[in-house]
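Below are the chains, spelled out letter by letter.
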Amino acid sequence: MRLYSLLTLLPFYLACTWPVVGGVPQLSSRQFTGNATSIIDAETEAFINKLLVEWNSPGGVAVAFVKKDVNGTWTNIETKGFGRATASGTNVTENTMFNIGSNSKLFTVLATSLLINNETLSPRLDWNSNIADFIPDFKFTDPVATSQATPLDLMSHRTGYPLHDFSYRYSDSVSSVIKKVGFLRQSTQFRDIWQYNNNMYTTLSSLPPLLLPSQQPFARYVKEFILDKLGMNRTTYDYDLANVDGLRADGMARQGIDVYMDPFGGTPRAAQYWTAKTGGEDGSVLSGAGGVITCATDLAKWLQMLLLDGVNAQTNETVIPPGVLKKIASSIIPQTGAPDWPEYSLYAYGAAQLQITYRGHLIIEHGGFIRGFNTQISRLPNDNFGVSVLTNDNEYGKVIGEIIKNHIIDKTLGLEPLDWNSRFKAQKSILPPKATPRPENVTLPSLGFANLTGTFSNDGYGPIELCLLAPQDPAATDSCKTLAANATTILPGLLRPGIPTFIGQVDSPWFSHIVVEHFNANLFNVSLFISTPTNDSSLPYWTFNDKRQSDNQMITELDVDATSGLVALGFAGFWGGLWDGASAGVPKPVGNSVRERAEAYFERVNSSVVVR
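Note that the structure is predicted; figures quoted are calculated from it, not measured. (Residues numbered from 1 in each chain as written. Predicted model: local features only at pLDDT ≥ 70, side-chain atom pairs only at ≥ 80, totals over all residues. Heavy atoms only, no water.)

Undergrad: How should I be thinking about the nonpolar core in this particular structure?
TA: One broad rule of soluble globular proteins: the nonpolar side chains tend to lie buried together. With 149 residues, the main nonpolar core has Leu 110, Trp 302 and Ile 514 as its most contacted residues. In contact with Ile 514, not counting residues within four places along its chain, are Ile 464, Leu 466, Phe 502, Ile 503, Gly 504, Val 506, Val 526, Ser 527, Leu 528, Phe 571 and Phe 574. Grouped together as the second largest cluster of nonpolar side chains are twelve residues, Cys 467, Leu 491, Leu 494 and Ile 503 included. (Core = buried A, V, L, I, M, F, W, Y, C linked by side-chain atoms within 4.5 Å. Buried < 20%, exposed > 50% of the residue type's maximum accessible area, 1.4 Å probe, protein only. Contact = heavy atoms within 4.5 Å.)

Shown next as structure tokens:
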């Protein structure tokens, strides 16, 4: 199969595109009964292939579609891959493995439902149990949330705590993440609004080993009682097992993209894999929130189960207890933010399930968006069909997936198709605000730059050693000397002339290095970079997430108390941008002191104000 050829000239910014993988047969699977009409037909294939070209995608797409008739007979089970799976150029097939990010959360919710329905457990867990009664060390800074939070509160993101994604690390265990939660700052009242929080799903993943006599690890519990029972034999939490047959996709991104000059430009590169590469089939600290790696073939089975209220479509075995899927898909809390388009209703969030209407039709769905991968799993229960779209395009995969999903829904329902492609292009043409230039005549901070190095720590986030990279620090520690010697190699383009710069190395799933650049007085700009190997000897690394052209709204303020010897940094913009409830009117922290204004306040460890 070859890719669809464009019949019209593309806009000027698409004139030069990356080579699109073609010429290699792309595997697909189609099953029909009766007079069923294929949905992933030649027209849909051409639409998707054209879309990948128009958005200059470095990656590809895998689609699963299932449909049953009014008699319950499955008329369509279709899966197909398009575009590029890896940086080496292999094609996406129906069996290509994608990290589905937050679509993993439904697996966590359903695993918890099995524990809730386990009559052998004592005491019994319930949807409305106090979670602190079942998980040692679980607490919030808010005593009300600590005493009243239930599994449903954690699942529906209504704890009063914002994202706090930078608090957990690869080196954390599930239990250490739970302990960190007890030190994180609250942003609004318990059960007040919807605020996404991955830490809550990490907390839920602790339940199987805590409650079961076998102390079975969470990932193995999901495999035994959900994946194996559904015949989802390729789905896994294991990074290596996902590639046992060489079909694990790379998360693809655009090196050097300049959204102001060419939003579709850049060089295609593989991004660092987000989910942990260790832990094997036992899983990792990231499993509960976003660890599932799967393919279109298995997601067709998953969609069938969801449409059958927990029943395996092949064996007719009940895998998920009756009524569970209805309960978790019901509206628990409104999701913040108004819909972007008039065809959509307001968003109602359940437990890892979002309920909306689209052009008068009910959709139950959830997205999964992490570095390199964007996924959407949707079902229309009243119309008896479901569709999943998996993409490995970091920058525009979410948009591409949404366009494909809506195209398939319109086609299946027999509706006049809407031009979602043009709509999203217009939306993406609105450029982010540029960063404010550093003043020409800056005011120096209240401490000299050499005095700001050291290890800073926050009990909810852990320690970070900040090293002065420019100007050079003659008194640098050995670890800082090592980091400074390699920094410009592993993070090309890191240093900007004339700007005093600090760097810290962190084993975070979200960034490998934190970069702190002086702006003016006691105010510093903060960037979070990922040093990424390329397998290219001419450029062994590339810097992922360098967005310093734009205003990322992430800053830190220096706080110095000469009397007590305190040296601290108050970070703001760490709560996760649009996920933090700002659109619902939750104000950023304010106050007269740096500590009061900080989302996360880091004090320098075992040191005082010393001038050198």
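That shown, we press on.
Undergrad: Would you explain the packing of helix H2 (residues 105-116) against helix H8 (residues 218-230) in this entry?
TA: When two helices pack together, their arrangement is given by the angle between their axes and by how far apart the axes lie. Put simply, H2 and H8 touch, their axes get as near as 10 Å, and they point 80 degrees apart. Regarding the angle of H2 to H8, the classification is roughly perpendicular. Residues Phe 107, Thr 108, Leu 110, Ala 111, Leu 114 and Leu 115 of H2 pack against Phe 218, Tyr 221, Val 222, Phe 225, Ile 226 and Leu 227 of H8. (Axes fitted to C-alpha atoms, helices over the stretch in contact; angles between N-to-C directions. Helix = DSSP H or I, 4+ residues; strand = E, 2+ residues; numbered from the N terminus. Parallel < 35°, antiparallel > 145°, perpendicular 65-115°, else oblique.)

Undergrad: Can you help me understand the confidence of the model for the protein in this one?
TA: Predicted coordinates in areas of low pLDDT are best not read in detail. Per-residue confidence for the protein gives a mean pLDDT of 92; residues scoring 70 or more make up 92%. Note on residues 1-27: pLDDT is under 50 here. Beyond four places in sequence and across chains, it has 51 contacts. (pLDDT = per-residue confidence, 0-100.)

Undergrad: Could you clarify how one ought to interpret helix H5 (residues 174-181) in this entry?
TA: Residues spaced three or four apart along an α-helix point in a common direction, a consequence of the helix completing one turn every 3.6 residues. Of all the positions in H5, only Val 174, Val 177, Ile 178, Lys 180 and Val 181 are classed as buried. All buried residues of H5 lie within an arc of 160 degrees about the axis, which places them on one face of the element. (Arc of directions from axis to C-beta.)

Undergrad: Hey, could you run me through the pairing of strand E20 (residues 555-561) in this one?
TA: Bridging between strand E18 (residues 523-533) and E20 involves three bridges; their strand directions are antiparallel. Paired with Phe 524 across the bridge in E20 is Thr 556. Both E20 and strand E21 (residues 566-572) contribute to a ladder of seven bridges, which runs antiparallel. Along E21, the bridge assignment pairs Glu 557 with Gly 570. Hairpin geometry of E20 and E21 is characterised by an intervening segment of four residues between the two adjacent antiparallel strands and by a positive phi of about 85 degrees at Gly 565. (Pairing = 2+ DSSP bridges.)

Undergrad: For this particular structure, what's the right way to read H8?
TA: Compared with an ideal rise of 1.5 Å per residue, which puts 13 residues at 18 Å, H8 spans 17 Å between its outermost C-alpha atoms and is within 8% of the ideal. Along H8, the residues that are buried comprise Phe 218, Ala 219, Tyr 221, Val 222, Ile 226, Leu 227 and Leu 230. If you follow the buried residues of H8, they end up packed against H2, helix H7 (207-211), helix H9 (287-290) and helix H10 (296-307). Remark: Gly 231 follows H8 within two positions and exhibits a positive phi of approximately 70 degrees. (Expected span 1.5 Å × (residues − 1).)

Undergrad: Help me out: how do you make sense of the pattern of salt bridges in this one?
TA: Opposite charge on two side chains lets them pair, provided their charged atoms get close. Applying the stated criterion across every chain yields a total of 25 salt bridges. Salt-bridge contacts for Glu 54 lead to Lys 50; the nearest nitrogen and oxygen are separated by 3.7 Å. Here the residue Glu 54 and the residue Lys 50 both occupy positions in helix H1 (residues 42-54), the gap between them amounting to four residues, near one helical turn. Residue classification places Glu 54 among the buried residues on the basis of a relative accessible area of 8%. Judged by its relative accessible area of 30%, Lys 50 is partly exposed. For the salt bridge of Arg 158 with Asp 153, the shortest nitrogen-to-oxygen distance reads 2.5 Å. Under the relative-accessibility criterion, Arg 158 is labelled buried at 17%. (Salt bridge = Lys/Arg side-chain N within 4 Å of Asp/Glu carboxyl O.)

Undergrad: Sorry if this is basic, but what is going on with the packing of aromatic side chains here?
TA: In total, this model carries 30 aromatic pairs according to the counting rule given. Considering the side-chain rings of Phe 264 and Tyr 396, the 5.3 Å spacing of their centres and the 40 degrees angle between planes classify their relative orientation as tilted. With Phe 264 in the loop between strand E5 (252-255) and strand E6 (267-270) and Tyr 396 in the loop between strand E13 (385-391) and helix H12 (397-413), this pair connects stretches of sequence that are 132 residues apart. Judged by relative accessible area, Tyr 396 falls into the buried class, the value being 8%. One aromatic cluster is present, formed by Phe 166, Tyr 461, Phe 511, Phe 571, Phe 574 and Phe 602 through successive ring pairs. In this structure, Lys 434 packs its charged tip against the face of Tyr 260, placed 4.7 Å from the ring centre. (Phe/Tyr/Trp six-rings, centres within 6.5 Å; stacked < 30°, edge-to-face > 60°. Lys NZ or Arg CZ within 6 Å of the ring centre and 35° of its normal.)

Undergrad: Looking at this model, I keep getting lost on the environment of Leu 528. Mind explaining?
TA: Among the structural elements, Leu 528 can be located in strand E18. Placed 16 residues apart in sequence, Leu 528 and Ser 512 show a C-alpha to C-alpha distance of 7.5 Å.

Undergrad: Just checking my understanding: could you explain the state of the cysteines for this structure?
TA: Each disulfide consists of a covalent bond between the sulfur atoms of two cysteine residues. Across all of its chains, the model carries one disulfide by this definition. Each sulfur of the disulfide joining Cys 467 and Cys 480 lies 2.0 Å from the other. Measuring the twist about the S-S bond at about -75 degrees, one finds the Cys 467-Cys 480 disulfide to be left-handed. One end of the pair, Cys 467, is in strand E15 (residues 462-470); the other, Cys 480, is in helix H14 (residues 478-490), and 13 residues separate them in sequence. (Disulfide = S-S within 2.5 Å.)

Undergrad: Any chance you could explain the packing of H2 against H10 here in plain terms?
TA: Between H2 and H10, the shortest axis-to-axis distance is 14 Å and the interhelical angle comes to 50 degrees. Considering their axes alone, H2 and H10 lie oblique with respect to each other. Seen from above, H2 lies across H10 with left-handed handedness. Note on element contacts: H10 touches H2 through Trp 302, Met 305 and Leu 306, opposite Leu 106, Phe 107 and Leu 110. Counted by class, the contact of H2 with H10 contains six nonpolar, no polar and no charged residues. (Left-handed = near helix turned anticlockwise from the far one by under 90°. Nonpolar A, V, L, I, M, F, W, Y, C, P; charged D, E, K, R; others polar.)

Undergrad: What's the story with the pairing of strand E2 (residues 60-68) in this structure? I'm lost.
TA: Counting buried positions over the nine residues of E2 gives eight, a clear majority of the element. Looking at chain direction, E2 and strand E3 (residues 74-83) are connected through nine bridges and run antiparallel. Looking at E3, one finds that Ala 64 is bridged to Thr 79. Counting the residues between successive antiparallel strands, the hairpin from E2 to E3 contains five residues, one of them, Gly 72, with a positive phi of roughly 90 degrees. As paired elements, E2 and E13 share seven bridges and run antiparallel to each other. The partner of Lys 67 across the bridge, within E13, is Phe 385.

Undergrad: When you look at unusual backbone geometry in this model, what are you seeing that I'm missing?
TA: Note: most peptide bonds trans; most residues except glycine with negative phi. Here the amide bond leading from Ser 122 into Pro 123 is cis, since omega sits at 0 degrees, within 30 degrees of zero. Mapped onto the secondary structure, Pro 123 falls in the loop between H2 and helix H3 (143-148). The omega torsion of the bond from Ala 470 to Pro 471 falls at 0 degrees, within 30 degrees of zero and hence cis. Considering the arrangement of structural elements, one finds Pro 471 in the loop between E15 and H14. With a phi angle near 50 degrees, Asn 56 is a residue other than glycine that sits in the positive phi range. Here Asn 56 is to be found in the loop between H1 and E2. Judged by its relative accessible area of 4%, Asn 56 is buried. Its identity as a non-glycine residue notwithstanding, Asn 316 has a phi of 65 degrees, on the positive side. Checked against the element boundaries, Asn 316 lands in the loop between H10 and helix H11 (324-329). Taking relative accessible area as the criterion, Asn 316 reaches 63% and is therefore assigned exposed.

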